Every structure is written in structure tokens, then in C-alpha cells.
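# Observations on chain architecture
Now for the letters of each chain:
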Amino acid sequence: MAMYDVIIVGARCAGSPTAMLLARMGYRVLLLDRANFPSDVPRCHFIQLPGIALLQRWGLLDNIKASNCPAIPFVRFDVGPFALVSSLSSTSGNAGSYGPRRTVLDKILIDAAAHAGVEVREGFSVQELLMNGDRVTGIRGRALKGATVMEKAEIVVGADGMRSMVARAVQAPIYRSKPPRTCVYFGYWSGVPLEGCEIYMREQRVFFAFPTNDNLICIAMEWPLKEFQTFRADLEGNLLRTIALAPGLFERVRVGRREGRFMGSGDLPNFYRKPYGPGWALVGDAGYHKDPFLAQGISDAFRDAELVAEAIDVGLSGRCGLAEALSHYERQRNEETMPIYELNYQLASLDLPSTGMQQLLGALRGNQAETNRFFGIMAGTVPVPEFFIQEHIEPVIARGSQ
């Protein structure tokens, strides 16, 4: 039985980057996933600008570009009476955002981990955690056609999604939990002209479209969770009826062709988990999950991969205790995410903008600098408290009314 520094359970958007970063620091890392790659998951895949910046920093953005995935140079936010448009490149040093298919993105990430020296086992099911008292010491599991094996490590990281087996096994406490509000479905079309990301907000509906790999566009939409059964009963019909609320997009979709199956979910909880304990840590959706309204999931997973890798390095290298380092990781994660977590949940009500928000959106027309900052809120590049304070909002609305 080998001894590793770190075992990571789950090899997608949180697990593979965490493994890659730790291996680049010189640690012996074992990365496990029950899936074989490339493989798809029923999760949408728009990456906000902070996530793109991290891919660039890790040296992986060129791999995304080489995958026949086009850049998304702007976002158009249509609220019905009018639309706001922001150039994504105006708020970052990149040419724009990207929305690579998960079959593409996850394969790039796991290959990068392997290239960094991570031992990767695909098609491996982790059955239980090994314990010494209350401390996690490793895992027990098996490949699909293999014998059961045990592996030990200084720390086991759960990057295995919102239903994390690792989190359940250690009974990680949940806090700031909020009930799910929406269901989400998405599909792909070919032959539909689309250059940027288009977001449409209608009463009790939001839907967005963006280009992805192989000249396809992805169209995703959210409905209230109470209508989940109604929506699922006629997926294609309800998707098309929703798209018809934006005639310009609908006309383009009508001349295109739907490709592949629809994917989606009505299981979209909102919660934080305590992301560490004796011999274990959580990263990505295993530690923090929210409604996909603002499409923050992948960027958050990337950010937290850096935070937890740094904390593990600080702890294992002896610069401070591992528990202290992971406590700092939790504080950083929460400080950076809680304001947008609350805003995201508010937006997931799918209510039309309040009177005050309508005034603000109207005032942003013709004010490109503030429009870009507003889009920065949605992208995660502008802190929520920095924008939505009375001292800032009132002058913006006043200038818009002149």
C-alpha cells in the first residue's frame, strides 16, 4: 500500500486543478474519479472571467482555444424593453470568456494533472474512507473490474460534487443553507449565428445562449422549481416556447438544428459546508454549492482549488498547522463568495427587477463604464458590496435621469 501526501476524490473542475497545483509544488498526489474521460455531466459550462484568468495563469487557456472553442467577446443582457451590452475584454486582459463543453474542459484539466506528475486512476470508485479515531487516513475503493485496494495519505480531499461521499462520510456541517428555487435545462444547436453571450430575463424565466465547441451554441434556461414536472414533461416544446419570448433569438434557432440530448436538473441546493477537519478537506461543489443563475460554479471551483492547494502546502510544509491553514482557506472562501451567494439566490427567485433595479438598469443605458461594472458583478470581477451601496447607486441613477 503506497503512501501519498494527498488523495483527491473527484477529477473534474475542482479536483484536477487542485491535484495539478499540488503536484507542481512537489507533492505526491493520487487523483481518483469513477468516470472515464472524456465524459459529460449535466452541468452548464460558461466560464466567467476570473476562471479564464486562472486557466491563463496555469498555462491551460491555449488548450481551450485549440479545442475549437470560440472566445465570447461580449455579453448582451436583455430585460425586455431594452438590452445592455458589455465587452468582456474591457474588464480583463483576456479576449473574452469561453464556454468549452465539459467533455473538452474536464479532459484538459485531468491531462494537465497527469502531466504535472499526478497519479490518475479513472473508472475508480471510492467506497469508504479509512479512519484512525476521528482522523481520515486514506480511502478504500476499487476499479470497475479490479480488486478492492486501500491507499493512505496525509490528507484526503473531497472534490466529488454537491453529493460528496467524502463530505457525508465525515459528516461535514452544513451552514447558510437555502432551499432550491429553480430547475435548469440546456441543449445544443448547430447553424445558429451567435457571437457573444445573450441573456434574456423574462417573467419567471431566464435563459442564455453562448457559442461552444464545434460550431455549436448552448442554450440554457431556468424555470421555477415548482414547474419542474411540467417542464420535464415536454422538454423540447417548453424550451422552444421559452426561447420564443426573445423573437430575435427564436428566429435564428428556427433555422438551426438541435444536436444531441437535453440535459438538466431540478436538484440545485444552496449551501456551505465546513470544508476541513482532521485529515480531510472539501473543494468545489463539495464545499460550496449554489443556484447556477450567475454561472459562477466553474470559476469558484478554480479559485478554491488554488486556495486549498495553498493551504495544504502551508500545512504539510510545517509553516503552520494544517488545521490553521485550512481554517484560513474557509475564511477566504466565505469572504469572497457570501455577498454574491446572497445576490445569486435573490436573482434565482426569477422575479422581474424591482422598481429600484429598473431605475438602475435604465440609468446604465448610455453609461458604458458603469454598465461594464454592472456586468463585472455578474462575472465576479467587481465585489457586490462595492457596487450596490447607496453612495454609488444614487449618483448613477441621478446621472441617468438627466
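Everything discussed here concerns the structure shown above.
Quick summary incoming for the structure in this document. None of the values given here were measured: they were computed from a predicted structure. (Residues numbered from 1 in each chain as written. Predicted model: local features only at pLDDT ≥ 70, side-chain atom pairs only at ≥ 80, totals over all residues. Heavy atoms only, no water.)

## Details of helix α9 (residues 297-316)
Counted at 1.5 Å a residue, the expected span for α9 with its 20 residues is 28 Å, and the 28 Å between its end C-alpha atoms agrees. The element α9 is largely enclosed, with a buried count of 16 among its 20 residues. Phi for Gly-318, located one or two positions after α9, is positive at around 85°. (Helix = DSSP H or I, 4+ residues; strand = E, 2+ residues; numbered from the N terminus. Expected span 1.5 Å × (residues − 1). Buried < 20%, exposed > 50% of the residue type's maximum accessible area, 1.4 Å probe, protein only.)

## Here's the deal with the pattern of salt bridges
Under the definition given, this model contains 26 salt bridges. A salt bridge links Glu-370 to Arg-373; the shortest N-O distance between them is 3.9 Å. Of this pair, Glu-370 and Arg-373 both sit in helix α12 (residues 368-379), three residues apart, roughly one helical turn. Judged by relative accessible area, which is 11%, Glu-370 ranks as buried. Here the residues in one salt-bridge network are Lys-290, Asp-300, Arg-303, Asp-304 and Glu-336, joined through shared partners. (Salt bridge = Lys/Arg side-chain N within 4 Å of Asp/Glu carboxyl O.)

## Section: the nonpolar core
A general tendency of soluble globular proteins is for nonpolar side chains to be buried together. Ranked by size, the top nonpolar core spans 51 residues in total, and within it Ile-8, Leu-55, Phe-302 and Leu-326 carry the most contacts. Per-element accounting of this core gives the leading share, nine residues, to α9. Excluding residues within four positions of it along the chain, Phe-302 makes contact with Cys-13, Pro-17, Ile-47, Gly-51, Leu-54, Leu-55, Trp-58, Leu-105 and Leu-109. (Core = buried A, V, L, I, M, F, W, Y, C linked by side-chain atoms within 4.5 Å. Contact = heavy atoms within 4.5 Å.)

## A short note on the sheet that holds strand β4 (residues 83-87)
Taken in spatial order, the seven strands of this open sheet run β4-β3-β11-β12-β13-β10-β14, and their pairing is mixed. With partners counted over all chains shown, the strands left at the sheet margins are β4 and β14 (257-265), one partner each. On average, adjacent strands in this sheet sit at an angle of 15° to one another, irrespective of strand direction. Bridge count for strand β10 (residues 182-190) against strand β13 (residues 216-224) is nine bridges, and the pairing is antiparallel. The partner of Thr-182 across the bridge, within β13, is Pro-224. In the packing of helix α8 (residues 247-254) onto the sheet, the strands contacted are β10, β11 (197-202), β12 (205-211) and β13, and the crossing angle to β11 comes to about 125°. (Pairing = 2+ DSSP bridges. Axes fitted to C-alpha atoms, helices over the stretch in contact; angles between N-to-C directions.)

## So, the packing of helix α1 (residues 15-24) against α9
In the contact formed by α1 and α9, the axes pass within 8 Å of each other and the chain directions differ by 40°. As α1 runs across α9, the sense of the crossing is right-handed. Of the residues in α9, those touching α1 at Pro-17, Thr-18, Leu-21 and Leu-22 are Phe-302, Ala-305, Glu-306, Val-308, Ala-309, Ile-312 and Asp-313. Of the residues in the contact of α1 with α9, the class split is eight nonpolar, one polar and two charged. (Left-handed = near helix turned anticlockwise from the far one by under 90°. Nonpolar A, V, L, I, M, F, W, Y, C, P; charged D, E, K, R; others polar.)

## Let's talk about the packing of aromatic side chains
Inspection of the entire model under this criterion finds 17 aromatic pairs. Ring geometry for Phe-77 and Phe-374: centres 6.2 Å apart, planes at 35°, overall tilted. With Phe-77 in strand β3 (residues 74-78) and Phe-374 in helix α12, this pair connects stretches of sequence that are 297 residues apart. On the basis of relative accessibility, which here comes to 7%, the residue Phe-77 falls in the buried class. Between the aromatic rings of Tyr-288 and Tyr-341, the centroid separation amounts to 5.9 Å while the plane-to-plane angle is 55°, which identifies the pairing as tilted. (Phe/Tyr/Trp six-rings, centres within 6.5 Å; stacked < 30°, edge-to-face > 60°.)

## Considerations on α12
Since there are 3.6 residues in each turn of an α-helix, residues three or four apart along the chain are aligned in direction. In this model α12 runs 16 Å from its N-terminal to its C-terminal C-alpha over twelve residues, within 8% of the 16 Å that 1.5 Å per residue would give. Among the twelve residues that make up α12, nine are buried, leaving the element largely enclosed by the rest of the structure. Residues Glu-370, Thr-371, Asn-372, Phe-374, Phe-375, Gly-376, Ile-377, Met-378 and Ala-379 constitute the buried set of α12. Following α12 by one or two positions, Gly-380 adopts a phi angle in the positive range, close to 90°.

## Regarding the layout of surface pockets
Roughly 1200 Å³ of volume is contained in the largest pocket. As for the largest pocket, its lining consists of 50 residues, of which Arg-12, Arg-43, Gly-161, Met-162 and Asp-285 are closest to the centre. Contributions of two or more residues to the lining of the largest pocket are made by β6 (124-132), α5 (165-170), β10, β13, β14 and α9. The residue inventory of the lining of the largest pocket, partitioned by class, reads 26 nonpolar, twelve polar and twelve charged. Of the volumes computed, that of the second largest pocket is approximately 620 Å³. As for the second largest pocket, its lining consists of 30 residues, of which Phe-77, Phe-293, Leu-294, Leu-347 and Met-378 are closest to the centre. Among the elements that take part in the lining of the second largest pocket, α12 stands out by supplying five residues, more than any other. (1 Å grid on protein atoms, 1.4 Å probe; cavity = no way out; pocket = protein on both sides within 12 Å on 5 of 7 lines; lining within 4 Å. Points joined across faces, edges and corners; volume = space filled by probe spheres on them.)

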